[in-house]
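Analysis of the macromolecular model
The residues making up each chain are set out below.
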Amino acid sequence: MSESESEPAVEPAPDPDPEFEAEPVPLPDADRVDLRPPDRAETVRIIRGLKGALSGGGGLTELQKLLLRAVSRSMTGFEVDPDTVEPLGARGLAESLAARNEIFRTRVLQLMVLGELVLNPLPEDVCLAVDGYAHALGVDDGMREVAKDYAEGALGLALTDFERNGYTARWDADSSSQLHARSALTEPWQQVADDPALAARWAALAHCPEGSLGLGVHRFYQARGFVHPGLPDSAPPYLAQHDWVHVVADYGTTLESELEVFGLIGRAIPDPRGFSLLAMVLGLFETGLLERAAGLFEADAGHLSREGVALRLGDAMRRGAVTGADLLGIDWFELADIPVDRVRRDLGLPDKDPLAVRAGSVSPWGPGGISPFQRRSGMKLAAAEGRRYDSFGADL
């Protein structure tokens, strides 16, 4: 019996009406909210809805199919092949989620937006369909505006909409306290190129105990020739926060690994707007529609499409959902002397799925955990400092 046959017959809804005349399915009262994890039947309905939203005139792409299979398996434990199910219309999906709260419905909508953001070009009919599903569900996500910009070819506006609708839109002076810059940062991706005290704080990680998070981050920087925040040509301090996550979550530094890291970070942030961080790296490292972002990253397309990376991304999102913390908002220096394993346990960060490891998810300290450019940069830095280069196990 196929998955579609295991469900009661549900007539697919017609194409979404641009006028959105039907009222959204209302959110449930607090005492009627269903907070249980999705079972297999509900997972099938969600995948059917995602298929209905994303198929457009040409059907799902192979990458979209891989993503739907990966996220169904990683986020629910039930892998659903979208080829085996019939699409479910916007009203049908929304009514099936009538007992689900705003955050649950928003996460479902974000999976639709995820499926949009891997398309280049992005058809307008897919954007219109997702709009209809968002209306029926009674929820929204700011990254829908970015998707519309892509579909209309307004790539410059897309970056503006990232900043206006994304997680960092409400940035203020208090948002940068954990970065230890000399003065509060007025923008999240602001570079700090002349802050000797900040640079010294990063350099002092070399003296952290063996096995500690801080020493791991120091070696991570040395192996790759990364420049400490506070010095010229360094990454913005807020972006450098994600380097700690590379070490804590055990991800290498190729662009495929960057997709994993930001998939984990974006899903871990309790605020649904954290999804914008994953949307950002998809625009950089899959479609290439976002020319540059985060003060340092530049477009390099096609990395999510590589074999096994969609599965790895799904697993990273699962790990982030379990962790449920703003990993960019932590004062990592307070944890620098603590063993890495203990930091992982304290964060509730689960191990990688063995399937993700077999699909190529790598450590910063092993084969595939470093790019050729980073290795050359590490060797150049070692020569400039008069020391022998050590990759600490990171190999090409």
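Our subject is the structure that appears above.
A brief structural summary. (Residues numbered from 1 in each chain as written. Predicted model: local features only at pLDDT ≥ 70, side-chain atom pairs only at ≥ 80, totals over all residues. Heavy atoms only, no water.)

What follows is about the overall build of the protein chain. Tallying secondary structure elements over the protein chain gives 16 helices and two strands in all. Radius of gyration (C-alpha) of the protein chain: 22 Å, near the 21 Å computed for a compact globule of 396 residues. When the backbone C-alpha atoms are referred to their principal axes, the protein chain occupies close to 70 × 40 × 40 Å. Buried residues in the protein chain amount to 53% of all 396 residues. For the protein chain, long-range pairs separated by at least 24 residues make up 72% of all intrachain contacts whose partners lie at least 6 apart in sequence. When the accessible surface of the protein chain is totalled, it reaches about 17300 Å², and 52% of it is carbon and sulfur. (Helix = DSSP H or I, 4+ residues; strand = E, 2+ residues; numbered from the N terminus. Rg over C-alpha atoms; globule rule 2.2 N^0.38 Å. Buried < 20%, exposed > 50% of the residue type's maximum accessible area, 1.4 Å probe, protein only. Contact = heavy atoms within 4.5 Å. Areas by Shrake-Rupley, 256 points an atom, 1.4 Å probe, with all protein chains shown as cover.)

Our next topic: the packing of helix α4 (residues 102–117) against helix α6 (residues 143–152). Each packed pair of helices is defined by two parameters, the angle between the axes and the distance between the axes. In the contact formed by α4 and α6, the axes pass within 10 Å of each other and the chain directions differ by 20°. Between α4 and α6, the crossing angle belongs to the class labelled roughly parallel. By crossing handedness, the relation of α4 to α6 is classed as left-handed. Contacts between α4 and α6 involve Leu-109, Val-113, Glu-116 and Leu-117 from the former and Met-143, Arg-144, Ala-147 and Tyr-150 from the latter. (Axes fitted to C-alpha atoms, helices over the stretch in contact; angles between N-to-C directions. Parallel < 35°, antiparallel > 145°, perpendicular 65-115°, else oblique. Left-handed = near helix turned anticlockwise from the far one by under 90°.)

Moving on, we come to unusual backbone geometry. Residue Pro-121 is bonded to the preceding Asn-120 through a cis peptide linkage, with omega at 5°. If you trace the backbone, Pro-121 turns up in the loop between α4 and α5 (124–137). Within the chain, Asp-250 stands out as a residue other than glycine whose phi angle is a positive 70°. With respect to the element layout, Asp-250 can be found in the loop between α10 (237–249) and α11 (255–268). For Asp-250, a relative accessible area of 24% puts it in the partly exposed group. For Ala-294, which is not glycine, the phi torsion reads 60° and is therefore positive. Mapped onto the fold, Ala-294 is located in the loop between β1 (292–293) and β2 (297–298). Ala-294 gets classed as buried once you look at its relative accessible area, which sits at 4%.

What sets the pattern is the α-helix's 3.6 residues per turn: residues three or four places apart point alike. The end-to-end C-alpha distance of helix α13 (residues 309–323), which contains 15 residues, comes to 21 Å, matching closely the 21 Å that a straight helix rising 1.5 Å per residue would cover. Burial analysis of α13 places 12 of its 15 residues in the buried class, the great majority of the element. (Expected span 1.5 Å × (residues − 1).)

Once that is clear, we can look at helix α1 (residues 40–54). Taking 1.5 Å of rise per residue, the 15 residues of α1 would be expected to cover 21 Å, and the 21 Å separating its terminal C-alpha atoms lies within 8% of that figure. Within α1, the full set of buried residues consists of Glu-42, Thr-43, Val-44, Ile-46, Ile-47, Arg-48, Gly-49, Leu-50, Lys-51, Ala-53 and Leu-54. For α1, the secondary structure elements touched by its buried residues are α2 (62–76), α3 (90–96), α4 and α5. Regarding α1, its N-cap is Asp-39, as a side-chain oxygen of that residue lies 3.3 Å from the backbone nitrogen of Ala-41 further along. (Polar contact = N/O pair within 3.5 Å; in protein donor to acceptor, adjacent residues only side chain to side chain.)

Our next topic: the pattern of salt bridges. With the rule as written, the count across this model stands at 24 salt bridges. Note that Asp-315 and Arg-318 form a salt bridge whose closest N and O atoms lie 2.7 Å from each other. Remark: Arg-318 and Asp-315 occur in helix α13; sequence separation between them is three residues, near one turn of the helix. Its salt-bridge partner being Arg-387, residue Glu-385 comes within 2.7 Å of it at the nearest N-O pair. Residues joined by salt bridges that share partners form a network here, namely Asp-131, Asp-140, Arg-144, Glu-145 and Lys-148. (Salt bridge = Lys/Arg side-chain N within 4 Å of Asp/Glu carboxyl O.)

Before going further, it helps to spend a moment on the environment of Gly-263. Looking at where Gly-263 falls in the secondary structure, it is placed in helix α11. Taking C-alpha positions, Gly-263 is 14 Å from Asp-243, a pair spaced 20 residues apart along the chain. For Gly-263, the residues in contact, after removing those within four places along its chain, are Leu-278, Leu-313, Ala-316 and Met-317.

Glancing now at the packing of aromatic side chains. Per the counting criterion, the structure on display carries 13 aromatic pairs. Plain terms: the ring middles of Trp-244 and Trp-332 are 6.2 Å apart, the flat faces sit at 10° to each other, and that makes the pair stacked. Here the residue Trp-244 occupies a position in helix α10, and Trp-332 occupies one in the loop between α13 and α14 (340–347), the gap between them amounting to 88 residues. Judged by centre distance (5.2 Å) and plane angle (75°), the rings of Trp-244 and Phe-333 are edge-to-face. (Phe/Tyr/Trp six-rings, centres within 6.5 Å; stacked < 30°, edge-to-face > 60°.)

Function cannot be read off these values alone, since they describe shape.
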